[in-house]
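# Report on the structure
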Amino acid sequence: HIMKRFSTLATASALTAMAAAAAPVTPDQAETLLVEYGATDIDVQAAKPGTVTIAATLDSGYDIILRLGGCEEVDGCGYALFFVNFTPESTSTDDMIYKTIMYNDSFPFGRAFAIFDEAEEQTSVTAVGVDYTLDLTEETTLDAGDIATFETIIETYIGYWTSN
């Protein structure tokens, strides 16, 4: 019975450690993760209550934004949204919208978007980009693999944009 109790205690300890490791990320932990990943020019800003925005430059040269939302001081943040914007060269608005729609129809990871110029009654696209969202409310946590996945999404997006 002593071995059985020890085994049960060891299993419970391991499960507790795994649950703690999989807890939602805090803004400080996300900043540390970016630093450890090699990001530079990191700027952390509280956007609104419960939301933190972290701007960073990855080693690959991409200037990204990581928005953490649903943040509580003790529990961490409920979601992480990576995104990057690009200013397109002279391409027609219709072409940019078409490429955005086709990217979203063709690739399972990342979501492409177009940003319209509000001053021109949303008739002209001023930027395009791609984002990647993670739900951190259950057992998912933010890690270096997520940053690497986002870099792959960016490269796929750029490859798609430049080849079509």
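Details of the structure are given in the entry above.
This write-up is about the structure you can find in this document. (Residues numbered from 1 in each chain as written. Predicted model: local features only at pLDDT ≥ 70, side-chain atom pairs only at ≥ 80, totals over all residues. Heavy atoms only, no water.)

### Quick look at the packing of helix α2 (residues 27-37) against helix α4 (residues 144-163)
It is at 10 Å that the axes of α2 and α4 come closest, and there the two elements cross at 65°. With respect to their mutual orientation, α2 and α4 come out roughly perpendicular. The hand of the α2/α4 crossing is right-handed. For the pair α2 and α4, the contacting residues are Leu33, Leu34 and Tyr37 in the first and Ala144, Ile147, Ala148 and Glu151 in the second. (Axes fitted to C-alpha atoms, helices over the stretch in contact; angles between N-to-C directions. Helix = DSSP H or I, 4+ residues; strand = E, 2+ residues; numbered from the N terminus. Parallel < 35°, antiparallel > 145°, perpendicular 65-115°, else oblique. Left-handed = near helix turned anticlockwise from the far one by under 90°. Contact = heavy atoms within 4.5 Å.)

### A closer look at the pairing of strand β1 (residues 40-48)
In this structure, β1 lies alongside strand β2 (residues 51-57), joined through 6 bridges in antiparallel fashion. Bridging from a neighbouring strand, Thr40 pairs with Thr57 of β2. Between β1 and the antiparallel strand that follows it, β2, lie 2 residues; Gly50 among them carries a positive phi value of about 85°. (Pairing = 2+ DSSP bridges.)

### Structural notes on the nonpolar core
Within the largest apolar cluster, 35 residues are counted, with the highest numbers of intra-cluster contacts made by Leu34, Ile64, Leu66, Leu68, Phe82, Leu142 and Phe150. Those elements that provide at least two residues to this core are α2, β2, β3 (63-69), β4 (79-86), α3 (93-106), β6 (125-135) and α4. Residue contributions to this core peak at 7 residues, all from α4. If near-sequence neighbours (up to four positions away) are discounted, Ile64 is found in contact with Leu34, Ile54, Ala55, Ala56, Leu58, Phe82, Phe83, Phe150 and Ile154. (Core = buried A, V, L, I, M, F, W, Y, C linked by side-chain atoms within 4.5 Å. Buried < 20%, exposed > 50% of the residue type's maximum accessible area, 1.4 Å probe, protein only.)

### Digging into the sheet that holds β3
Taken together, 6 strands build an open sheet; the order of strands is β1-β2-β3-β4-β6-β5 and the sheet is antiparallel. One side of each edge strand has no neighbouring strand; the edge strands of this open sheet are β1 and β5 (111-116). Recorded for the sheet is a direction-independent mean angle of 25° between the axes of neighbouring strands. Its contacts with the sheet put α2 on β1, β2 and β3, and the angle it makes with β2 is roughly 10°. Relative to β5, α3 is tilted by about 160°, and along the sheet it contacts β5 and β6.

Everything listed here is a matter of coordinates, which is why it stays silent on function.
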